[in-house]
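# Inside the fold
These are the residues of each chain, in order.
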Amino acid sequence: MILIVLVISRMKMPESIRWLERKGRINDAIREVEKYYGVKLDPTNLPSAEVQVSRPVTHPPLWFRFIVAVMMMTANDVGFGLLSYEVGPIYFSSQTAL
C-alpha cells in the first residue's frame, strides 16, 4: 500500500528546475517555470550553461576527518555515557540497583 502511494506521489511530483537544467532539458525547465511561476521565458535570451565552470570538490585529508570523528565519538560517549551511568545513580539512587 505504501509503495503504491509513493509511486503515485512521485508520478505527480514536478521535476526540479535546476535538475532539468543540469540534465540539459532546458525546454522542460522553461515549461515548469511558466507553469508554476507564471513567467514567460525566451529560450534564446537565457545564459548559456557552458560559461559556468565548476570547481572540483575538495575534501579535508583523511587524517583530519579521522581525528574529528574520534573527537565526536568521545564527546558522545562522555556526554551520554557519563551522564546516564555516573550522574544518574547519584541523583536517582532510590531507582538504581547498586
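Here the structure is a predicted model, which is why all the values come from computation and not from measurement. (Residues numbered from 1 in each chain as written. Predicted model: local features only at pLDDT ≥ 70, side-chain atom pairs only at ≥ 80, totals over all residues. Heavy atoms only, no water.)

### Focus on the overall build of the protein chain
Applicable threshold: The numbering of helices and of strands both runs from the N terminus, where a helix is a DSSP run of H or I of at least 4 residues and a strand a run of E of at least 2. Relative accessible area decides the class of each residue, using a 1.4 Å probe on protein chains only: under 20% of the type maximum gives buried, over 50% gives exposed, and in between gives partly exposed. Only the protein chains shown count as cover for residues, and all accessible areas are computed by the Shrake-Rupley method using a 1.4 Å probe.
The helix and strand inventory of the protein chain stands at 4 helices and 0 strands. With 98 residues in all, the protein chain has 7% of them scored as buried. Carbon together with sulfur atoms contributes 65% to the accessible area of the protein chain, which is approximately 9500 Å² in total.

### Regarding the pattern of salt bridges
One side chain can pair with another of opposite charge once the charged atoms of both are near each other. The condition is simple: Salt bridges, as used here, are contacts in which a Lys or Arg side-chain nitrogen is within 4 Å of a carboxyl oxygen on Asp or Glu.
In total, this model carries 3 salt bridges according to the counting rule given. The salt bridge partner of Glu-15 is Arg-10, with a shortest N-O separation of 2.7 Å. For Glu-15, a relative accessible area of 28% corresponds to the partly exposed category. Asp-28 is the salt-bridge partner of Arg-25, the closest N and O atoms lying 2.9 Å from each other.

### Digging into the packing of aromatic side chains
Aromatic ring pairs are described here by two measures, namely the spacing of the ring centres and the angle between the planes. Basically, it comes down to this: Any two of the Phe, Tyr and Trp rings considered here, Trp counted by its six-membered ring, make a pair once their centres fall within 6.5 Å; the pair's planes then place it as stacked at under 30 degrees, edge-to-face at over 60, or tilted in between.
Per the counting criterion, the structure on display carries 1 aromatic pair. Aromatic side chains Trp-63 and Phe-64 sit 6.0 Å apart centroid to centroid with 85 degrees between the ring planes, which places their arrangement in the edge-to-face category.

### Quick look at the side chain of Glu-32
Here is the rule: Note on charges: Lys and Arg go in the positive column, Asp and Glu in the negative column, and His and the chain ends are not counted at all. Note on contacts: a residue pair is in contact if any heavy atoms of the two residues lie within 4.5 Å.
Examined against the element boundaries, Glu-32 turns out to sit in helix 3 (residues 26–37). The buried charged residue Glu-32 lacks any salt bridge, with Lys-35 as its nearest oppositely charged partner at 5.3 Å. Setting aside residues up to four positions removed in sequence, Glu-32 forms contacts with Pro-14, Glu-15, Ile-17, Leu-20 and Tyr-37.

### A look at a nonpolar patch on the surface
For the record, the criterion: Within this analysis, patches are made of residues with over 30% relative accessible area and no salt bridge. Like charges are joined at 9 Å or less; nonpolar side chains (Val, Leu, Ile, Met, Phe, Trp, Tyr) at 5 Å or less.
A grouping of Trp-63, Phe-64, Phe-66, Ile-67, Val-68, Val-70, Met-71, Met-72 and Met-73 is seen on the molecular surface, where their side chains present a nonpolar patch of about 950 Å² in accessible area. Residue position: Met-72 is located in helix 4 (residues 62–91). Exposure remark for Met-72: the relative accessible area of 58% places this residue in the exposed category.

### Details of helix 3
Rules: A helix is expected to reach a length of 1.5 Å times the quantity of its residues less one. The arc in question is formed by the directions pointing from the helix axis toward the C-beta atoms.
With 12 residues, helix 3 should reach 16 Å at 1.5 Å per residue; the first-to-last C-alpha distance of 16 Å fits that figure. Those residues of helix 3 that sit buried are Ala-29, Ile-30, Glu-32 and Val-33. On an axial view of helix 3, the arc spanned by its buried residues comes to 160 degrees, and they lie on one face. Those residues of helix 3 that are buried lie in contact with helix 2 (17–22). Looking one or two places after helix 3, you find Gly-38, whose phi comes out positive at around 70 degrees.

### Digging into the confidence of the model for the protein chain
Under the convention used in this document: Values of pLDDT, the confidence the predictor places in each residue, fall between 0 and 100.
In the predicted model, the protein chain carries a mean pLDDT of 83, and 87% of its residues have values of at least 70. The secondary-structure element of the protein chain with the lowest mean pLDDT is helix 2, recorded at 85, while helix 1 (residues 2–12) shows the highest, at 91.

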